[in-house]
Amino acid sequence: MKILLPVDGSKSSLNAAKYVGKLAKDLRSKCTVTLVSIHDDIGLGHVKQFVATSVIDDYLREVSEKELKPAQKALDVAGVKHSMVIKRGNVANEIIALANKEKFDLIVMGSKGRSGIVDALMGSVAQKVANAAKQPVLLIK
């Protein structure tokens, strides 16, 4: 079973990683887990005219690596092998595109992410993924 685990550093995201660790053990079959961290850089548009692209790339990579660490640790503790992907773009669209391209069997993600008030106005990433994904989506509180 191929499991895609989007993480954003939130508590809900870490709970999803812990759940995947338990699920992989319980299935007793070979599971491959891919952690993905995605940042939408659209809000950095005004900064791009003053800061080099490489600086922005380095910053987003550092933020992603920091967000991935707790999920990596949770999977390591559970003894689950995993890989990582760091992407930029519309978060929900990138999750769906990766899930389809790599033919994942299941997407497991936190139900509440890091964005807060924006979700109330525009809809959450989890909701968008759950509505648009072809594969099953498991949302973890």
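## Overview of the environment of Gln49
And step 1. Relative to the helices and strands, Gln49 is located in the loop between strand 2 (32–39) and helix 2 (53–78).
And step 2. Sequence separation between Gln49 and Tyr59 is ten residues, and the spatial gap between their C-alpha atoms is 16 Å.

## A few points about the confidence of the model for the protein chain
And step 1. Overall, the predicted model of the protein chain reaches an average pLDDT of 89, with 92% of residues at or above 70.
And step 2. Mean pLDDT values over the elements of the protein chain span from 45, in helix 4 (residues 117–122), up to 97, in strand 1 (residues 2–6).
And step 3. Ignoring residues within four places in sequence, the model shows residues 117–122, a span with pLDDT below 50, making four contacts including any to other chains.

## Considering the packing of helix 3 (residues 91–101) against helix 5 (residues 125–132)
And step 1. Taken N-terminus to C-terminus, the directions of helix 3 and helix 5 make an angle of 35°; their axes are 9 Å apart at the nearest point. The chirality of how helix 3 crosses helix 5 is right-handed. On helix 5, the residues that touch Val91, Ala92, Ile95 and Ile96 of helix 3 are Val125, Lys128, Val129 and Ala132.
And step 2. Looking at the contact of helix 3 with helix 5 residue by residue, the classes come out as seven nonpolar, no polar and one charged.

## A word on the nonpolar core
And step 1. Counting residues in each nonpolar core, the largest one holds 20 residues, and the members touching the most others are Ile3, Leu5, Val20, Val33, Leu35, Leu75 and Val108.
And step 2. Residues contacting Leu75, with those up to four places away along its chain left out, are Leu5, Ala17, Val20, Gly21, Val33, Leu35, Val80 and His82.
And step 3. If you look at the next biggest cluster of nonpolar residues, it comprises 15 residues, including Ile96, Ile107, Met109 and Val129.

## Describing the packing of helix 1 (residues 11–27) against helix 2
Each packed pair of helices is defined by two parameters, the angle between the axes and the distance between the axes.
And step 1. Close contact between helix 1 and helix 2 brings their axes to 9 Å; oriented N to C, the two are set at 20°. With respect to helix 2, the element helix 1 is oriented roughly parallel. The hand of the helix 1/helix 2 crossing is right-handed. Of the residues in helix 2, those in contact with Leu14, Ala17, Lys18, Val20, Gly21 and Lys25 of helix 1 are Pro70, Ala71, Ala74, Leu75 and Ala78.

## As for the packing of aromatic side chains
And step 1. Enumeration over the complete set of coordinates arrives at zero aromatic pairs.
And step 2. Above the plane of the ring of Phe104 lies Lys2, whose end atom (NZ or CZ) is 5.0 Å from the centre.

## Observations concerning the side chain of Gln135
And step 1. Tracing the backbone shows Gln135 in the loop between helix 5 and strand 5 (137–140).
And step 2. Judged by its relative accessible area of 11%, Gln135 is buried.
And step 3. A polar atom in the side chain of Gln135 sits 3.3 Å from the backbone oxygen of Ala99.
And step 4. Here the side chain of Gln135 touches Phe104 through a polar contact of 3.4 Å, landing on its backbone oxygen.
And step 5. Discounting residues that sit within four places of it in the chain, Gln135 has contacts with Ala99, Asn100, Phe104, Asp105 and Ile107.

Cut-offs and rules
- Counting restarts for each chain, with residues numbered from 1 along the sequence as it is written.
- Per-residue local features of the predicted model are confined to residues with pLDDT of at least 70, and side-chain atom pairs are confined, for both listing and counting, to 80 or more; whole-chain, interface and lining totals are unaffected and use all residues.
- Remark: hydrogens and water are excluded; side-chain values derive from all non-hydrogen atoms of the structure.
- Strands are runs of DSSP state E lasting at least two residues, helices are runs of H or I lasting at least four, and both sets are numbered from the N terminus onward.
- Known as pLDDT, the predictor's confidence for each residue is given on a scale from 0 to 100.
- What makes two residues a contact is simply this: any of their non-hydrogen atoms within 4.5 Å.
- Lines are fitted to the C-alpha atoms to define the axes, a helix being fitted only along its stretch in contact, and any angle between axes, read from their N-to-C directions, falls within 0 to 180 degrees.
- The crossing is said to be left-handed when, going from far helix to near helix, the turn is anticlockwise and less than a right angle, and right-handed when the turn is clockwise.
- Polarity classes work like this: nonpolar for Ala, Val, Leu, Ile, Met, Phe, Trp, Tyr, Cys and Pro, charged for Asp, Glu, Lys and Arg, and polar for all others, with Gly in that last group.
- Joining through side-chain atoms within 4.5 Å is the link that ties buried Ala, Val, Leu, Ile, Met, Phe, Trp, Tyr and Cys residues into a set, and such a set is a nonpolar core.
- Buried, partly exposed and exposed residues are distinguished by accessible area as a fraction of the type maximum, computed with a 1.4 Å probe on protein chains only: under 20%, between the cut-offs, and over 50%, respectively.
- Working rule for angles: under 35 degrees goes down as roughly parallel, over 145 as roughly antiparallel, 65 to 115 as roughly perpendicular, anything else as oblique.
- Centres within 6.5 Å are what make two rings of Phe, Tyr or Trp a pair, Trp counting through its six-membered ring; a difference in plane orientation under 30 degrees is then read as stacked, over 60 as edge-to-face, and the rest as tilted.
- Note on geometry: a ring has a charge over it if NZ (lysine) or CZ (arginine) is within 6 Å of the ring centre and within 35 degrees of the ring normal.
- A 3.5 Å cut-off defines polar contacts: any pair of N or O atoms within that distance qualifies, except that in protein one atom must be a possible hydrogen donor and the other a possible acceptor, and neighbouring residues in sequence count only when both atoms are side-chain atoms.

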